Amino acid sequence: MPGSSRSEAGSADLQVRSSIPEERTWRSALRFDLSRPVLLAVTALLAVMIVLPMGWLIAYSLSDKQGAVTLGNFVTLFTDPSFVDPLITTLIIAVSVSTICCLVAAPLGWLVARTDMPIRRIVRTLVMASLVTPPFVGAIAWEMLAAPNSGLLNQLWRSMTGMPADEALLDIYSLTGLIFVIACYTFPYVFILLANALDRMPGELEDASSMLGAKTWQTARRITVPLALPTLLAGALVAFLQALNLFGSPAILAIPAGFHTLTTRIWSLFQFPPKPELAAAASLPLLLLTILLLRGQALALGRRGYAVLGGKYGEPRLVRLGAWRWPAAALALLILAMPLFLPYAALFNSAFSRVASRLVTLDTITLHNVRFTFLELSSTMPALKNTFLLATLSATLGALLALLIAYIVSRRAVTGHRVLAFLATAPLAIPGIVLGVGLFLAYTRPPLTLYGTLWILLIAFITIELPAAYQQLSSAFHAVHPELEEAGRMLGASRLRTLADITAPLLRSAVIATWCFVFVAVIRELSAAVILFTSETKVLSVLIFDLKESGDVGAIAVLSLTMVAITTVVVAVANRFGGGREASRLPARAAG
Amino acid sequence: MRRRTLLGAAALLPFGARIVSAAPPAETITPALIEAAKKEGKVSYYTAMDLSVAEPMAKAFEAKFPGIKVAVERTGAERLFNRLAQETASNIKRCDVVNSSDAAHFITWKREGWLQPYVTVDIAENVAPEMRDPDGAFANQRTHLSPMAYNIGLVKPEDAPKAFNDLLDPKYAGKLVKGHPGYSGTIMTATQQVARELGWGYFEKLAKQKVMQVQSATEPPKKLEAGERAVAVDGSDYLFWMARERGVPIEVVYPVEGTPLISNPMAVFKAAPNPNAARLLFAWIMSGEGQEFIVNLSGQYPANLKVKAKAGRPPLSSIKTLREDPVEVEKTADEIKAKYARIFKV
C-alpha cells in the first residue's frame, strides 16, 4: 500500500534527521525542495486553464448585453423554440446513438473477445483504426455516399432497381441520417470498453456454470451478461456524451436538413451579431448534463469492480461458433463497412474525381484536386504547419503536465493533491464547444489577450486532452512501486531528481503512448478550434470545415486523407513504442 | 450592436457637411511601390469570391510580382464581416485587402474608419462614379448576379421554373437547393432585394418546399453539378456558367421578376500589416490586366469599363436586374438574418 510505505519512509527520514540534526537542516535549506512551488504553479496553471473560462461562462450567462445581472438568457433558452427544439433534438440524438452503439458493440465485442470467430484480431484492429477518422470527415464521406440524389449508394440502388431519379433509398440529410453517422464513429468506444472487459472476465465463473449443467445460453444469460452489464452501461453513457457534445457531424448534416442541435446552435450564436451571453447560457445545460452523466458513469464503472476482484483467473473460454463462424465474420465486416470501408472508398473516389458524385474510371481519374489543394490553395500549408506545431506542443506539454500531476497525486507528494486530481479530470465534463466559448470569453480581454494567437488553441487542446492523458499516466504510476522512489529519496536525491532518474525511465512507454494519443486527438479537434481560430491561426480541421461551407469536396477529400494518413502513422508509432496495453487504452473522449 | 451605436453617432452629424471629396489623388503602380511591396513580401486578401477564381488570381499576381506571396482568406461575406470585427476588436492586424459580396459592409467599415482611402488612375478614369466611394475608401471590383438554375438532366426545359414564384409549385418540393444569408453576402444582398420585391411571404412559402439549405452562394452550383438537387433557388451566376462551360448540363434562369444584382467592393485596410503590398494588389486587380484575368476565368462583370465582358455570356444590359440597396441592407441585415433563421429554422 502506497500510504503505509510513505509513513514508514517518513519515520525513517525522522530518524536520520535526529541523528545528524544540524547538518541535515542546513543542507535541506540549501537544496530547496521544489515540490510546494511546483504544486502551486500547477494548480495556478490549471485554474487559468479551467476555472477562469468556466467562471466567465457563468458570469456571461447571468448578464445581459450591458453587463447587468439577469436570468433573461435562461428564460430565452427554455421558452424560445429556436433553443428548445435543438435541445430536444440533441437529446433524441444522444439517446438513439447510445442505444444503437450498445446494440452493435455488444454482439461485436462478444464475437471478438469470447468466440472463435475467424479474423477476430483483424476486426478488433480495424474497429480501433476507424477511430482515427475525425467524425466530421466521416460525415462528409457519408454525404458522398448517401446524399439522396447524388449519393453513390443511392445511385447504385437506382441503377439496380431501375427506380426513377427522385427516389432515394437513403437520405443522410435527416435526423435518422445524422444519428446513423454519429453512431458509426461512436460505437468503437463502446466496443473497446466492452471487448476489454470481456477479455478480463474470469473464465472460471462460466466454466463453473457449465459444469453445474447450464446450457451455453443459460451461462450467457446468468453469468456473462450480468458481468458485462455495468461496462455496457458505462459504454452507453460514453456514447451518450459523445453524441451530446459533438459539433462537426451535426454542422455538416443537420443544417442542410433544416435543423439545429445544441452545439450548432451555440456556434451559430457566434456568427454576426455575436450573442456571447446567450451562447454562455446555452452551454450550461450541456455542461451540467455532462457532469451528471459522468457521475453516473463513475457509479456504473465502480460496480464493475466485483467482476475482477480476487486472485489470478484463467483465460476466458472461447465459445465455439461452429457453422456460424463465417457468417459471424461476415457480419463483423458488414459493420466495419459503415465507419471504414464505404467512407474511405468515397473519399478516395472524390479525391481523384472532378465530381464527387461520379465514380472514377481510368478515363476520368484526375489529379486536379491534389494539385488544387497543394499548389493553389494558399491556406493548406499554413494550416498544416499550425496543426503540427499545435499537435506537437500540446502532446509534449500535455504529457508532461499530466505526468507531473499523476506523480503528485499518486505519490501524495504534497497536501492538496486531491484538488489537482479533480482539476485534471474536470475538463472531461466540459464539451469542446463549451470550453471554446469559455476560453473565448476569458481571453479576448486583458490581462491575457490570447485570442488570435496559437496560445489560446494550445490551452484549449491541452485542457481537452488532459483528463485522458492524466488517467493514462496515473494508472501507469500505479504500476511503479513507490519503494523504488523512496530508495532514491533516502539516498539524498531531490524529489524531481528521483522522478527524472528512477520513475521516468520506468514510465517511458506509457508517456510515449500518451504523447501520441494527444497528438492524434489534437489533429482531429474541431469543436473548440472552430470558436477560437482566427485567419492567422487556422488549423486543418477548421480549413476542412471552411471548405465544406463552400462545397469544395474534392479538396476536402484530399485534405482528409492526408490528415488520416498522418494520424495513422502516429498511431502505428504509438503501438510500436507504447506496447499493446497502453496503446489500446484510448482517450476517454473524441474531439469533434 | 456596434452598427447601431455608430449609426446613432452618424445621425448627429449635419448632412452635407462634407462638400469636397476626401478622396486622395489617383495613383499608379510605380517601381517604388513594387519595390516597397516586395520588401514586405506578402499580402493577405480577404474575399468571398469562390476559391476556383480567387486562388488562380492570386497566383497570377504572384507570377507578375515575384517575391510577394498572397494569402487568400476565403469565406462567406457575412463570416468575413464577423471575423474582421472579432480580429479588429482583439487588435489582431492581419487583413491587407478586403473584398466582399455584401456592399453594405463597406458602409460600416468606412464609418468605423477601418478603410484606407486609396484611388488608382484606373478607378478614377475607368470605373463609373456610382461604382466607387466618393471619398476613395472603396471601389467595386466586379459585379455578379444571383439567378436561378437547373440541371438539365433532372428537369426538362419545359418543366423548368421561369420566375421565383414558380418555385412554390409543389412539383419542386425536395428538389431545391439554396444558400444562406447568415453566411453569404451574395445571398444576403439577394434576400433583401427579393424580400422587397416579393415580400417575406414568398420566403415563408418557399420554406415549405423542403429546401436543402447550404451555406455559401458558391455551393448551389456545386450541388447542381453533382446532381444532388435539380434546381438552385440562388447562387453565384459565374459558377453556374463555369460549370456549364466545363460541360455540366446546367441552364441558368434569369427570373422574370428580376435577378438580384451583387456588387463586390474592395478596399485597402487601414491597419494593413503590409500596406504597400496591399496597395499593389488592389491596384493590380483594378487594372486592365487584373480585371481581364477575373473576366476571362470566371466571366463576372468587370468594374473597369475598359475591360470587355466575357464573350458567350449574356450582357448585363440584357438582363432585368433588381436594384441593389446597400444602405438598406446595412440597416436591416440583422433583422433579415433573424427573420430568415426563423422561417427556415436554421
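Look up: the structure comes first, before these words.
Here goes a summary of the coordinates provided. (Residues numbered from 1 in each chain as written. Chains lettered and ligands numbered in written order. Predicted model: local features only at pLDDT ≥ 70, side-chain atom pairs only at ≥ 80, totals over all residues. Heavy atoms only, no water.)

## Describing the state of the cysteines
Residues and elements named next belong to chain A. All chains considered together, the criterion is met by zero disulfides over all chains. Distance from the sulfur of Cys101, which forms no disulfide, to the nearest cysteine sulfur (Cys102) is 6.9 Å. The cysteine Cys184 is free of any disulfide, with Cys101 supplying the nearest cysteine sulfur at 9.0 Å. (Disulfide = S-S within 2.5 Å.)

## Quick notes on helix H2 (residues 31–40) of chain B
Residue and element names in this part refer to chain B. The set of residues buried in H2 consists of Leu33, Ile34, Ala37 and Glu40. One face of H2 carries all of its buried residues, which in axial projection span an arc of 115 degrees. Turned more than 90 degrees away from the buried face of H2 sit Pro31, Ala32 and Lys39, all of them exposed. Considering only its buried residues, H2 is in contact with strand S1 (42–47) and helix H11 (275–286). (Buried < 20%, exposed > 50% of the residue type's maximum accessible area, 1.4 Å probe, protein only. Helix = DSSP H or I, 4+ residues; strand = E, 2+ residues; numbered from the N terminus. Arc of directions from axis to C-beta. Contact = heavy atoms within 4.5 Å.)

## Some details on the pattern of salt bridges
Within this structure, the stated rule accounts for 31 salt bridges over all chains. In this structure, A:Asp552 engages B:Lys222 in a salt bridge whose closest nitrogen and oxygen atoms are separated by 3.0 Å. Of this pair, A:Asp552 sits in the loop between helix H26 (540–549) and helix H27 (553–584) while B:Lys222 sits in helix H9 (residues 219–226), placing the two residues on different chains. Note on accessibility: A:Asp552 and B:Lys222 belong to one class, buried. Where B:Arg246 meets B:Glu225, a salt bridge forms, and the shortest distance between an N and an O atom there is 2.7 Å. Of this pair, B:Arg246 sits in the loop between helix H10 (237–245) and strand S10 (250–253) while B:Glu225 sits in helix H9, and the two are 21 residues apart along the sequence. A relative accessible area of 40% means that B:Arg246 is categorised as partly exposed. Each member of the salt-bridge network shares a partner with another, and the members are A:Glu143, A:Lys548, B:Glu219 and B:Lys223. (Salt bridge = Lys/Arg side-chain N within 4 Å of Asp/Glu carboxyl O.)

## As for a nonpolar patch on the surface
Together, A:Ile58, A:Leu62, A:Val69 and A:Leu71 make up a nonpolar patch on the protein surface, roughly 390 Å² of accessible area in all. Using a relative accessible area of 31% as the deciding quantity, one classes A:Leu62 as partly exposed. (Patch = residues over 30% accessible without salt bridge, like charges linked within 9 Å, V, L, I, M, F, W, Y side chains within 5 Å. Areas by Shrake-Rupley, 256 points an atom, 1.4 Å probe, with all protein chains shown as cover.)

## Focus on the sheet that holds strand S7 (residues 176–178) of chain B
If you walk across this open sheet you meet the five strands as S8-S7-S9-S6-S10 (chain B), and the pairing is mixed. The outermost strands of the open sheet, each flanked by one partner alone, are strand S8 (212–213) and S10 of chain B. (Pairing = 2+ DSSP bridges.)

## Points about helix H3 (residues 51–64) of chain B
Residue and element names in this part refer to chain B. Between its terminal C-alpha atoms H3 stretches 19 Å, which fits the 20 Å expected from 14 residues at 1.5 Å a residue. In terms of residue burial, H3 counts as a mostly covered element, since ten of its 14 residues are buried. All of the buried residues in H3 are Leu51, Val53, Ala54, Glu55, Pro56, Met57, Ala58, Ala60, Phe61 and Glu62. (Expected span 1.5 Å × (residues − 1).)

## Remarks on the interface of chain B and chain A
Taken together, the contact between chain B and chain A spans 45 residues of the former and 47 residues of the latter. Counting the surface lost from both chain B and chain A, the interface buries some 3800 Å², and carbon and sulfur atoms represent 49% of this. If you sort the residues of chain B by the area they bury against chain A, B:Gln86, B:Glu228 and B:Val346 come out on top, with a joint share of 14%. The interface formed by chain B and chain A includes seven salt bridges. For the pair chain B and chain A, the interface holds 20 residue pairs in polar contact (both at pLDDT 80 or more). Those elements that place two or more of their residues in the side of chain B that touches chain A are H3, strand S2 (69–74), helix H4 (77–89), S8, H9 and helix H13 (326–344) of chain B. Per-element tally for the side of chain B that touches chain A: the top contributor is H4(B), with seven residues. A class-by-class count of the residues in the side of chain B that touches chain A yields 17 nonpolar, nine polar and 19 charged. (Buried area = accessible area lost by both parts, 1.4 Å probe. Polar contact = N/O pair within 3.5 Å; in protein donor to acceptor, adjacent residues only side chain to side chain. Nonpolar A, V, L, I, M, F, W, Y, C, P; charged D, E, K, R; others polar.)

## Quick look at the packing of helix H23 (residues 482–490) of chain A against helix H24 (residues 495–523) of chain A
Residue and element names in this part refer to chain A. One way to put it is that H23 packs onto H24 with a least axis distance of 9 Å and a crossing angle of 145 degrees. Our pair here, H23 against H24, has a crossing hand that is right-handed. Contacts between H23 and H24 involve Leu484, Glu485, Gly488 and Arg489 from the former and Arg495, Thr498, Ile502, Thr503 and Leu506 from the latter. In the contact of H23 with H24, the residues fall into three nonpolar, three polar and three charged. (Axes fitted to C-alpha atoms, helices over the stretch in contact; angles between N-to-C directions. Left-handed = near helix turned anticlockwise from the far one by under 90°.)

## Quick word on the packing of aromatic side chains
What the rule picks out here adds up to 22 aromatic pairs over all chains. Residues A:Trp267 and A:Phe545 carry aromatic rings whose centres are separated by 5.6 Å and whose planes lie at 80 degrees to one another, so their mutual orientation is edge-to-face. Placement of the pair is A:Trp267 in helix H14 (residues 262–268) and A:Phe545 in helix H26, with a sequence separation of 278 residues. Of the two residues, A:Trp267 and A:Phe545, both sit in the buried class. Both rings, one in A:Phe440 and one in A:Tyr451, keep their centres 5.1 Å apart while their planes meet at 80 degrees; by these two values the pair is edge-to-face. Separated by eleven residues along the polypeptide, A:Phe440 in helix H21 (residues 432–443) and A:Tyr451 in the loop between H21 and helix H22 (454–479) bring together distant segments of the chain. In terms of burial, A:Phe440 and A:Tyr451 fall into one category: buried. Taken together, the aromatic side chains of B:Phe164, B:Trp200, B:Tyr202, B:Phe203, B:Tyr340 and B:Phe344 make up a single cluster linked through ring pairs. One cation-aromatic arrangement involves A:Arg445 over A:Trp56; the distance from NZ or CZ to the ring centre is 3.8 Å. (Phe/Tyr/Trp six-rings, centres within 6.5 Å; stacked < 30°, edge-to-face > 60°. Lys NZ or Arg CZ within 6 Å of the ring centre and 35° of its normal.)

## Overview of the pairing of strand S11 (residues 261–269) of chain B
All names here are of chain B. A large share of S11 lies buried, amounting to nine of its nine residues. Bridge count for strand S3 (residues 97–99) against S11 is three bridges, and the pairing is antiparallel. For Val98, the partnering residue across the bridge sits in S11 and is Ala267. Sheet topology places strand S4 (residues 115–116) next to S11; two bridges connect them, and they run antiparallel. Bridged to Leu115 within S11 is Phe269.

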